[in-house]
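In case you want the letters, here they are:
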Amino acid sequence: MSTLIPLASDESLPSELRDLLNSPEGPAFEHALDAMVRQREQHLFRALGQLARELHDAVRRLGGELAQEGVPGIVADARQHLQDVLEMSANAANRSIDFAERIRPQADALAQRADDVLKRASGDELVAGFARDAGGFAETCRTGLADMVVAQSWQDLSGQRIKKVSAFIGTVETSLLELVRLTGALAGAEAPVDVAKVTSQEDADRLLSEFGF
Amino acid sequence: MKILVVDDFSTMRRIVRNLLVELGFTNTLIQEADDGNNALTMLRAQPFDLVVTDWNMPNMTGIDLLRAIRAEPSLKGLPVLMVTAENNRDQIIAAAQAGVNGYVVKPFTAATLQEKLTKIFERIAASGAKA
């Protein structure tokens, strides 16, 4: 059984605190304790203030750099820039899909024509060979166009991230101010939950099959 | 045949529409909605054979749309294929429990979409034959 160490002689406590605990004067003790707590709070506030100022400076510098590059740049425009990126990427993706929609019927027509020619080639190997090549090329085009259309899904995926970052920027400044006000709540901050990621279609399929799908 | 494609990104709606045409759904009327609320209004107004929906959308998400469909007597049998970038375990389980008919993770290929659609239509045909 371990011996119970009286608090006043506990070696792990700072010496000031031990002295205070040994002091017979109650009010002096409380006063000194208040001073210590206040001192600690001031450290925390100073650190937070520093953090807020550094962040503010960084954001202002970013705005300045954007302005020097000829973009109308103040911090408030940051989200507008992201919105512009979103629109530009959507336009680029749409142009690619336009192209696929324009070429697909031509590939279909070529395949049909190649088929007709092949049927009427009647032993002419040169014509038949050419028709087969044309048919093959039309098929390759169709597959390639479909792949190109699917590849445009990058716009949706990157766009979703841009939207999230945009919303984040909008809340950062408010959150910072709130943070300084609510320093007391810092100690109770929750750790982020680790979410198990399913990385591939196979993983998703396996998971679904466990549920009878 | 009538298919409703639900996604808040117009690019994605176009991509899915293109793929459906490419996969041979040429005699199919493909309509679009940009969130779950609008989708639900359209589904109540006219009959559809399939819903292809994203998860992450404003106003009403894909999972809420799925739950709303399953909760509504006139819609509850409607096949729903989820096409989404949401790929964490809990979300896939939630979709499965809500009664999704297929789940395609973005980015996907034409082959994957075709495989899931074929499965859905085979199951519809099989249950139709039994009935």
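Presented here is an overview of the structure given in this document. (Residues numbered from 1 in each chain as written. Chains lettered and ligands numbered in written order. Predicted model: local features only at pLDDT ≥ 70, side-chain atom pairs only at ≥ 80, totals over all residues.)

Re the overall build of chain B
For clarity, the threshold we go by: Each helix corresponds to a stretch of at least 4 residues labelled H or I by DSSP, and each strand to a stretch of at least 2 residues labelled E; elements are numbered beginning at the N terminus. Counting other C-beta atoms within 10 Å of each residue's C-beta, where C-beta atoms are placed from the backbone, gives the exposure class: buried for 20 or more, exposed for 12 or fewer, partly exposed between. Contacts are defined on C-beta atoms placed from the backbone: any two residues whose C-beta positions lie within 7 Å are in contact.
Broken down by element type, chain B carries 5 helices and 5 strands. The N-to-C order of helical and strand elements in chain B reads β-α-β-α-β-α-β-α-β-α. Sorting the 131 residues of chain B into buried and exposed places 44% on the buried side. Across chain B, every contact between residues at least 6 apart in sequence was considered, and the portion connecting residues at least 24 apart equals 60%.

A closer look at the sheet that holds strand β5 (residues 102–105) of chain B
Residue and element names in this part refer to chain B. Applied cut-off: Any two strands are treated as partners once DSSP identifies two or more bridges connecting them. The axes used here are C-alpha line fits, helices contributing only the stretch in contact, and every angle between their N-to-C directions lies in the interval 0 to 180 degrees.
Taking strand neighbours across the sheet as the criterion, the 5 strands line up as β2-β1-β3-β4-β5 in an open arrangement whose pairing is parallel. At either end of the open sheet lies a strand with only one pairing partner, and these are β2 (29–33) and β5. On average, each strand axis in the sheet is tilted by 20 degrees relative to the strand beside it, whichever way the strands run. Relative to β2, strand β1 (residues 2–6) is paired through 5 bridges, and the arrangement is parallel. Within β2, the residue paired with isoleucine 3 across the bridge is isoleucine 30. The strands that helix α1 (residues 10–22) touches are β1, β2, β3 (50–53) and β4 (80–84); relative to β1, the one it contacts most, it runs at about 150 degrees. Against the sheet, helix α3 (residues 62–71) touches β1, β3 and β4, its axis set at about 175 degrees to β4.

Focus: the environment of B:Arg14
As for its placement among the helices and strands, B:Arg14 is situated in helix α1. Spatially, the C-alpha atoms of B:Arg14 and B:Glu32 are 9.1 Å apart, while their sequence positions differ by 18 residues.

Quick look at unusual backbone geometry
The omega torsion across B:Lys106 and B:Pro107 is -5 degrees, close enough to zero to call that bond cis. Its location among the elements puts B:Pro107 in the loop between β5 and α5 (110–130). For A:Ser122, which is not glycine, the phi torsion reads 30 degrees and is therefore positive. Here A:Ser122 lies in the loop between α3 (78–120) and α4 (125–151). The exposure class assigned to A:Ser122 is exposed, which follows from the 7 C-beta atoms found within 10 Å. Not every positive phi belongs to a glycine, and B:Asn59 is a case in point at roughly 65 degrees. Here B:Asn59 shows up in the loop between β3 and α3. Here B:Asn59 falls in the exposed class, since 11 other C-beta atoms lie within 10 Å of it.

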